[in-house]
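Listed below, chain by chain, are the residues.
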Amino acid sequence: STNNITDVFPTLNWDLQSLTDYCQGKWGVAPDFNWLRTHFGGSAHNPAQAFLEQGSRIIFSNGLLDPYHGNGFLQSLSPSMPAIVLSDGAHHLDLRARNPLDPQSVTAARDQELKYLRQWVQEGRHMDRTNAKGKGEEQQVHRKIVRDVVTV
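Since we're looking at a predicted model, the values are computed, not measured.

Peer 1: Which parts of the structure should I look at to understand the nonpolar core?
Peer 2: It is characteristic of soluble globular proteins that their nonpolar side chains tend to be buried jointly. In terms of nonpolar packing, the biggest core is built from six residues, these being I84, L86, V106, A109, Y116 and W120. For this core, the leading source of residues is helix α4 (residues 104-131), giving four residues. In contact with V106, other than residues within four places in its own chain, are L86, D88, G89, L93 and D94. In terms of nonpolar packing, the next biggest core, distinct from the first, is built from five residues, A48, F60, F73 and M81 among them.

Peer 1: Help me understand the environment of D32 in this model?
Peer 2: Structurally, D32 is set in the loop between α1 (16-27) and α2 (35-39). Note on D32: relative accessible area 49%, which makes it partly exposed. Considered as a pair, D32 and T20 are twelve residues apart in the sequence and their alpha carbons are 9.3 Å apart.

Peer 1: Honestly, the packing of aromatic side chains in this entry has me stumped. Any pointers?
Peer 2: Two numbers describe a pair of aromatic rings. These are the distance of the centres and the angle of the planes. By the definition in use, this model includes five aromatic pairs. Seen in terms of ring centroids, F51 and F60 are 5.2 Å apart; in terms of plane orientation they differ by 90 degrees. Their pairing is edge-to-face. A relative accessible area of 21% places F51 in the partly exposed class. The exposure class assigned to F60 is buried, which follows from its relative accessible area of 12%. Residues F51 and F73 carry aromatic rings whose centres are separated by 5.4 Å and whose planes lie at 80 degrees to one another, so their mutual orientation is edge-to-face. One end of the pair, F51, is in helix α3 (residues 49-54); the other, F73, is in the loop between β1 (60-63) and β2 (83-86), with 22 residues separating them in the sequence.

Peer 1: Help me out: how do you make sense of α1 in this one?
Peer 2: An α-helical turn contains 3.6 residues, so a residue and the one three or four places further along point in the same direction. Here α1 is twelve residues long and its end C-alpha atoms lie 16 Å apart, about the 16 Å a rise of 1.5 Å per residue gives. N-capping of α1 is provided by D15, with a side-chain oxygen placed 3.2 Å from the backbone N of Q17. A positive backbone phi angle near 75 degrees is found at G28, which sits one or two residues after α1.

Peer 1: Is there a simple way to explain the layout of surface pockets in this structure?
Peer 2: In this approach a probe as big as a water molecule rolls over the atoms, and the regions it shows empty are the leftover space. If you add up the space inside the largest pocket, you get close to 720 Å³. In terms of lining, the largest pocket is formed by 21 residues, of which the most central are W14, D66, P67, Y68 and H69. Counting only elements with at least two residues in the lining of the largest pocket, the list comes to α1 and α2. Of the residues that constitute the lining of the largest pocket, the class distribution is twelve nonpolar, six polar and three charged. Each pocket or cavity is described by its volume, and for the second largest pocket that value is around 520 Å³. For the lining of the second largest pocket, the secondary-structure elements that each account for two or more residues are α2, β1 and α4. By residue number, the principal contributor to the lining of the second largest pocket is β1, which donates four residues. Of the residues assigned to the lining of the second largest pocket, the class counts are twelve nonpolar, eight polar and four charged.

Reading the values: the criteria
- Residues numbered from 1 in each chain as written.
- Predicted model: local features only at pLDDT ≥ 70, side-chain atom pairs only at ≥ 80, totals over all residues.
- Heavy atoms only, no water.
- Core = buried A, V, L, I, M, F, W, Y, C linked by side-chain atoms within 4.5 Å.
- Buried < 20%, exposed > 50% of the residue type's maximum accessible area, 1.4 Å probe, protein only.
- Helix = DSSP H or I, 4+ residues; strand = E, 2+ residues; numbered from the N terminus.
- Contact = heavy atoms within 4.5 Å.
- Phe/Tyr/Trp six-rings, centres within 6.5 Å; stacked < 30°, edge-to-face > 60°.
- Expected span 1.5 Å × (residues − 1).
- Polar contact = N/O pair within 3.5 Å; in protein donor to acceptor, adjacent residues only side chain to side chain.
- 1 Å grid on protein atoms, 1.4 Å probe; cavity = no way out; pocket = protein on both sides within 12 Å on 5 of 7 lines; lining within 4 Å.
- Points joined across faces, edges and corners; volume = space filled by probe spheres on them.
- Nonpolar A, V, L, I, M, F, W, Y, C, P; charged D, E, K, R; others polar.

See below:
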């Protein structure tokens, strides 16, 4: 919703029913609020299905000021697929450069994301040492990428 007090937009009471009514009146269709989740392999009953079957090491970050957060995963799917919710974050704010005006929830989210990335890189290094000995140039490129991420 917008209120023209804390934002620059005209007052608009926004909710799913209002959106559905608008789409029905304007185009004769109702939005499918599960489309995003189900389009990528889940189902309306279990939108996380494809991620749980095939995914790992995915961070689902969602800013609650982003209108798309309702289609995101707001709870972790597994220990290797955490959900990080930014109470004062907007679309991709946690992926932007640090700014002194960043809300605390965004700063904390970045710290969590970095912690996960470093952990996963360390796990990858361990796998590299135990499973990929002697792969030459490919292994050297992988190590450079890992070094770059760890130094962020």
